[in-house]
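Next come the chains, spelled out residue by residue.
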Amino acid sequence: MGIFSGVTILDCARSVSGNLCTMILSDLGAAVIHIDQPYETLFPGPTTHRVSFQELYLMRGKKRVMLDLRESAQQEAFLKLAAKADAFVSDRSPAEAAALNLSYAALAQANPQICYAAVSDFGQTGPNREKASSDLVMQAFTGLMSVTGELGGPPMRAGLPITELYSGLFGAVGTAAMLLHKQSTGEGQFLDIAKADCMLAILENAVVNYLAVGKVPKPIGNRHSINVPFQEFRTKDGQDILITINRDNTFAALCRVLGCEELTRDPRYASSELRRQHRDECTQEVIDRVLHWDVEELERRLNEVGVPCATIQSVEQIVHSENTSAREMLIQGFFPGVGTYTMPNSPFKFTLTPVEVNGAAYARGAHTGEVLDEFS
């Protein structure tokens, strides 16, 4: 029984963004009904038993109904579902949604109180509303690639489909906000979430600094535009450790551990601004001293004095780490014919309404008869 228990969400998503949005709401207790269409597949990539691993994760806990929305009779069945749903989530382009009769006008006619979340690449308005895109295209268009990569190197994509992930998160927050508004007023409404808008919002420091001083940010690798020292450092045993100094007191603590407290009295390094002005010299001082340490000992000592640091772990290492286990961040899923498998848990840790993720995923159309009978 989650926070959104009793809420029914109709889901016509086909990419990561919309499906992540509804997965989050499902984890929080909403009953999510996903509409499968017979001519569409959800996710490419590695598969087991003809089901992608990504689908096994993102479709957990959702009921699946097969409807061909190009057919008038099945379109009518869909509108019966919409008439009783609290919210609807789609991640299709405006033109595609209109062609399938999935527009807000069509659903609001069937259910004036419906909360409609439309996640799309460029939104419902603007010159690019029907422009073809992808996660990589969006990373390029929004400027994210221009600030990602090695110092002095070419633009680089992020290692994850970040435009899909962030728009899914914003979509979940926005849908939750609409449901809260509906609870107090009885009013449904339309939410226009553009991936391009989401990326501009999360570029945060890069955009704010440009607007403030007019300097166009460039890739700087693992360095920070303001804080120094702030990057990876090679240790005596050939390992890398990330050290991120964001305040004067943590720089002083770093110097104590490294045995170079005289640097805190050096007029070049006495403040964050001065260290930024002498970035290369300050960084080199730390490089030279870290080379005398084994990575485990240095990480232990820095953690003891509150200096933010970490060794650079692989996915394998973080999955099997003590922290992941202690935080109960892995759960078992189940899919008919596949059996059990392991996947990430929900990160929400409420005190009064603990999240109990339904890890089961289901085949396309598995609940068609059941759901259509219930909502007829």
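In this text the structure is predicted, and so the values were computed from the model without any measurement.

Undergrad: Help me out: how do you make sense of the sheet that holds strand E10 (residues 240–244) in this one?
TA: By definition, the strands of a sheet pair up through backbone hydrogen bonds, in either a parallel or an antiparallel sense. The strand order E9-E10-E11 describes an open sheet built from three strands, whose pairing is antiparallel. Whereas interior strands pair on both sides, the edge strands pair on one side only; in this sheet they are strand E9 (230–234) and strand E11 (309–311). With strand direction ignored, the average angle separating the axes of adjacent strands in the sheet is 20°. Sheet analysis places E9 next to E10, joined by five bridges and oriented antiparallel. Residue pairing in the sheet places Phe 233 in a bridge with Ile 241 of E10.

Undergrad: Mind showing me how you'd approach the environment of Tyr 39 here?
TA: The topology assignment puts Tyr 39 in the loop between strand E2 (31–36) and strand E3 (47–48). Note on Tyr 39: relative accessible area 38%, which makes it partly exposed. Beyond its immediate stretch of four places on either side in the chain, Tyr 39 contacts Asp 68, Arg 70 and Leu 100.

Undergrad: In this structure, what is going on with helix H1 (residues 16–27)? I would like to understand it.
TA: For H1, spanning 12 residues, the distance from its first C-alpha to its last is 16 Å, which sits close to the expected 16 Å at 1.5 Å a residue. Positive backbone phi, approximately 110°, marks Gly 29, located one or two places after H1.

Undergrad: Any chance you could explain the nonpolar core here in plain terms?
TA: Grouped together as the largest cluster of nonpolar side chains are 27 residues, with contacts concentrated most on Phe 4, Val 7, Ile 9, Leu 25, Ala 30, Leu 58 and Leu 179. Every element with two or more residues in this core is listed here: H1, strand E6 (87–90), strand E7 (115–120), helix H7 (162–185) and strand E8 (189–194). It is H1 that provides the largest number of residues to this core, a total of six residues. Not counting residues within four places of it along the chain, the set of residues in contact with Phe 4 comprises Leu 25, Leu 28, Gly 29, Ala 30, Ala 176 and Leu 179.

Undergrad: Explain the environment of Ala 172 to me, please; I cannot follow it from the model alone.
TA: Locating Ala 172 in the fold gives a position in helix H7. The class of Ala 172 is buried, set by a relative accessible area of 6%. Sequence separation between Ala 172 and Met 23 is 149 residues; the distance between their C-alpha atoms is 8.8 Å. Setting aside chain neighbours within four positions, we find Ala 172 in contact with Cys 21, Ile 24 and Leu 25.

Undergrad: It is not clear to me how the layout of surface pockets should be interpreted in this structure. Could you clarify?
TA: Rolled over the atoms, a probe with the dimensions of a water molecule shows which regions are left empty. Taken as a whole, the largest pocket holds about 1,200 Å³ of empty space. Forming the boundary of the largest pocket are 32 residues, of which Asn 205, Ile 220, Arg 223, His 224 and Ser 225 lie nearest the centre. Among the secondary structure elements, those contributing two or more residues to the lining of the largest pocket are H7, helix H9 (205–213) and helix H11 (272–277). Ranked by residues supplied to the lining of the largest pocket, first place goes to H9 with five residues. Considered class by class, the residues forming the lining of the largest pocket number 16 nonpolar, nine polar and seven charged. Taken as a whole, the second largest pocket holds about 570 Å³ of empty space. As for the second largest pocket, its lining consists of 19 residues, and the residues nearest its centre are Leu 20, Tyr 57, Leu 58, Leu 165 and Pro 344. Of all the elements in the fold, those that place two or more residues in the lining of the second largest pocket are H1, helix H2 (53–58) and H7. Looking at the lining of the second largest pocket, the element that brings in the most residues is H1, giving five residues.

Thresholds, definitions, all that
- Residues numbered from 1 in each chain as written.
- Predicted model: local features only at pLDDT ≥ 70, side-chain atom pairs only at ≥ 80, totals over all residues.
- Heavy atoms only, no water.
- Pairing = 2+ DSSP bridges.
- Helix = DSSP H or I, 4+ residues; strand = E, 2+ residues; numbered from the N terminus.
- Axes fitted to C-alpha atoms, helices over the stretch in contact; angles between N-to-C directions.
- Buried < 20%, exposed > 50% of the residue type's maximum accessible area, 1.4 Å probe, protein only.
- Contact = heavy atoms within 4.5 Å.
- Expected span 1.5 Å × (residues − 1).
- Core = buried A, V, L, I, M, F, W, Y, C linked by side-chain atoms within 4.5 Å.
- 1 Å grid on protein atoms, 1.4 Å probe; cavity = no way out; pocket = protein on both sides within 12 Å on 5 of 7 lines; lining within 4 Å.
- Points joined across faces, edges and corners; volume = space filled by probe spheres on them.
- Nonpolar A, V, L, I, M, F, W, Y, C, P; charged D, E, K, R; others polar.

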